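Given next are the chains, with one letter for each unit.
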Amino acid sequence: MQRRSSRPPCGAHTRRGTPCQGGKIPGRKRCKWHGGLSTGPRTEAGKRKSLQNLVQFRTANPGAAARGDQPEEGCC
Ligand SMILES: [Zn+2]
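Residues numbered from 1 in each chain as written. Predicted model: local features only at pLDDT ≥ 70, side-chain atom pairs only at ≥ 80, totals over all residues. Heavy atoms only, no water.

J.: So what about the overall build of the chain? Which residues, and what values?
T.: Tallying secondary structure elements over the chain gives one helix and zero strands in all. The buried share of the chain, taken over its 76 residues, is 13%. Counted over contacts in the chain with a minimum sequence separation of 6, partners at least 24 positions apart contribute 12%. Total accessible area on the chain stands at roughly 6,500 Å², and carbon and sulfur atoms take up 52% of it. (Helix = DSSP H or I, 4+ residues; strand = E, 2+ residues; numbered from the N terminus. Buried < 20%, exposed > 50% of the residue type's maximum accessible area, 1.4 Å probe, protein only. Contact = heavy atoms within 4.5 Å. Areas by Shrake-Rupley, 256 points an atom, 1.4 Å probe, with all protein chains shown as cover.)

Below, the structure is given as structure tokens:
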């Protein structure tokens with residue numbers, strides 16, 4: 001059974017903890033609401049800030065990696 005989208009599911013979790021109903025952007029790993037349209041940080045300062053946020057997120061959410069919620073690897 002398909003819902004509103006025929007694309008493969010995004011796989012991210014919403015703030016309620018339920019799986020996202022959005023469809024992936026073709027060629028990307030997430031829907032448009034979960035970074036599928038993002039090209040990532042472009043400046044050096046942006047990349048540093050992004051990395052800081054990642055470290056902060058993993059420190060605050062030690063169980064996130066086990067749920068597969070970690071940001072994508074190899075973005076920069
Ligand atoms: Zn999504």
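J.: If you had to explain the coordination of the zinc ion to someone new, which residues and values would you point to?
T.: The coordination sphere of the zinc ion contains the protein donors Cys10 (SG), Cys20 (SG), Cys31 (SG) and His34 (ND1), at a distance range of 1.9 to 2.3 Å. Spacing between the donor residues of the zinc ion along the chain follows C-x9-C-x10-C-x2-H. (Donors = N, O, S within 2.8 Å, 3.2 Å for Na, K, Ca; no water.)

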